[in-house]
Every structure is written in structure tokens, then in C-alpha cells.
Amino acid sequence: MNDSQHISQAKKRHTGVATVWLVPLVALIAGVWLLVGTIRERGPEITLALPDADGIQAGSTVIKLLNVDVGRVVRVSLNDKHDGVILKARMDKSADKLLTNETQFWLVKPRIDRTGVTGLGTLVSGYYIEMSPGKNGTPQRQFTVIDAKPSDLSTAGGKYFQLIGKPDGALLSIGSSVLY
């Protein structure tokens, strides 16, 4: 081969897109597609206030409704006054319409009191947060976790009274008998 043939071969350039760039391009498109799908299926983030974080772990404490996981605690931090705890939880998209001003949350943990023993399953599975959805009401994203499961006044018969006593009086708990 002489020099003129080498020069003419060197001047030839490939003007099309190299096929090696198709693989990263397809991977980028697939990644963007998955990211958009994940963001669209993501549920709301809610804030829960508690007096302390006993038994709560970010990433592993779940929120349940009828023993179905509908959310997970993602962050645990102190409140602004440093006298309580603020939890950030990511809820499933299906739970979005259940989060109203009537929704209640409580921590399920082992308890022994006059009404019996509850929450023994949490000795194995760990503490979790149970929720009672609001049927109506305005949408809400900030809640205060109550101490124990609320009594279901709508299904039980009888009359209900709210008892108010002095702070130094006898202690009553849910289910205590009141005699008249």
C-alpha cells in the first residue's frame, strides 16, 4: 500500500450513531420510566406526634389498618420543644382518601391492665401503629397518636358519659366499671 491509499482510508469517517450508545440510551429511558412510575404510585407523607419513641424504628415500624400494612415510618425526630417525638410516615396511595380529621392512630404494644392482656403479638413482630380511618371530614396530614385503641362507641349499646376528676383522684382506665 502506498501513502495515498492510507490517506484516503484515514479520511473516511463514520457519520452515523455508534450502536454502542444505544445500550446506555435504552437504560436511561427505562430508568426514567421506572422513576416516573414510582413517583406516580407514591402515597402521601404524614406527620405523627407522640410523647416518646419507645419501640418505634424508622424503616421498620409499620402502620396497619385491619392487619394490612398501609404505611411505614420513614423518619423519627424530636419536636421543636424537645418534649416529644415527630414521626414522618409514607402511606400507600390507597390510604390517601382515609386520612381526614376523623382519622385516629395509636401505638400497639403489649399491655396488661384490668381489661385484660393485649398486643402480645408485638413481642415477636415489634410495635406497630394502628389506624382507624375517617369516614368523612376534611383531608389532613398531621395527627397526634393516642395512647390506646379508642373504644368503638358506634357498635356498642348503652349510654356513654365523660368522667372528669381531680388529678389527685383515683385512676381509671378504659373498661373500668363505674357503679352508681
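For the structure, see preceding data.
Model, not experiment: these values are computed from the prediction. (Residues numbered from 1 in each chain as written. Predicted model: local features only at pLDDT ≥ 70, side-chain atom pairs only at ≥ 80, totals over all residues. Heavy atoms only, no water.)

Helices and strands together make up the secondary structure of the chain, namely three helices and nine strands. Going from the N terminus to the C terminus, the chain shows its helices and strands as α-α-β-β-β-β-β-β-β-α-β-β. When burial is assessed residue by residue, the chain has 21% of its 180 residues classed as buried. A separation threshold of at least 6 residues defines the contact pool for the chain, and within that pool the share at least 24 residues apart is 64%. On the chain, roughly 13900 Å² of surface is accessible, and the fraction owed to carbon and sulfur atoms is 58%. (Helix = DSSP H or I, 4+ residues; strand = E, 2+ residues; numbered from the N terminus. Buried < 20%, exposed > 50% of the residue type's maximum accessible area, 1.4 Å probe, protein only. Contact = heavy atoms within 4.5 Å. Areas by Shrake-Rupley, 256 points an atom, 1.4 Å probe, with all protein chains shown as cover.)

The subject of this paragraph is the pairing of strand β5 (residues 104–108). Most of β5 is tucked away: four of the five residues are buried. Inspection of the sheet shows β5 paired to strand β8 (residues 128–132) by five bridges, in the antiparallel sense. What sits directly across from Val108, in β8, is Tyr128. Of the pairings in the sheet, the one linking β5 to strand β9 (residues 142–146) comprises two bridges and is parallel in character. Counted as the bridge partner of Trp106 is Ile146 from β9. (Pairing = 2+ DSSP bridges.)

Counted under the stated rule, the structure contains one aromatic pair. Sitting over the ring of Tyr128, Lys64 keeps its end group 4.6 Å from the ring centre. (Phe/Tyr/Trp six-rings, centres within 6.5 Å; stacked < 30°, edge-to-face > 60°. Lys NZ or Arg CZ within 6 Å of the ring centre and 35° of its normal.)

Okay, the nonpolar core next. The nonpolar side chains of a soluble globular protein tend to be buried, and buried together. With 20 residues, the main nonpolar core has Ile46, Leu48, Ile63, Phe105 and Ile129 as its most contacted residues. Looking at this core, the elements with two or more residues in it are β1 (42–50), β2 (62–65), β3 (68–78), β4 (85–92), β5, β8 and β9. Broken down by element, the residue count for this core peaks at four residues, all from β4. Residues within four places of Ile129 in sequence aside, it is in contact with Leu48, Ile56, Thr61, Val62, Ile63, Lys64, Val73, Leu87, Phe105, Trp106 and Leu107. (Core = buried A, V, L, I, M, F, W, Y, C linked by side-chain atoms within 4.5 Å.)

In this section: the sheet that holds β9. Here we have seven strands rolled up into a closed barrel, ordered β1-β4-β3-β2-β8-β5-β9, and mixed in their pairing. Each strand axis lies, on average, 35° off the axis of its neighbour in the sheet, ignoring direction. Pairing of β1 with β4 involves seven bridges; the strand directions are antiparallel. In the sheet register, Glu45 faces β4, and the bridge partner there is Arg90. (Axes fitted to C-alpha atoms, helices over the stretch in contact; angles between N-to-C directions.)

As a further point, take the side chain of Thr47. Among the structural elements, Thr47 can be located in strand β1. By relative accessible area, Thr47 is classed as buried at 14%. At a separation of 2.9 Å, a polar atom in the side chain of Thr47 contacts the side chain of Lys88. When residues no more than four places from it in sequence are discounted, the contact partners of Thr47 are Ile86, Leu87, Lys88, Arg141, Gln142 and Phe143. (Polar contact = N/O pair within 3.5 Å; in protein donor to acceptor, adjacent residues only side chain to side chain.)

Another aspect to go through is the pattern of salt bridges. In total, this model carries two salt bridges according to the counting rule given. With its nearest N and O atoms 3.8 Å apart, the salt bridge here joins Arg90 to Glu45. Residue Arg90 is located in strand β4, and its partner Glu45 is located in strand β1; the two are separated by 45 residues in the primary sequence. Look at Glu45 and you get partly exposed, because its relative accessible area is 36%. Note that Arg141 and Asp96 form a salt bridge whose closest N and O atoms lie 2.4 Å from each other. You can see Arg141 sitting in the loop between β8 and β9 and its partner Asp96 sitting in the loop between β4 and β5, a full 45 residues away along the chain. Residue classification places Arg141 among the partly exposed residues on the basis of a relative accessible area of 30%. The class of Asp96 is partly exposed, set by a relative accessible area of 33%. (Salt bridge = Lys/Arg side-chain N within 4 Å of Asp/Glu carboxyl O.)

In short, shape yes, function no, at least from these values alone.
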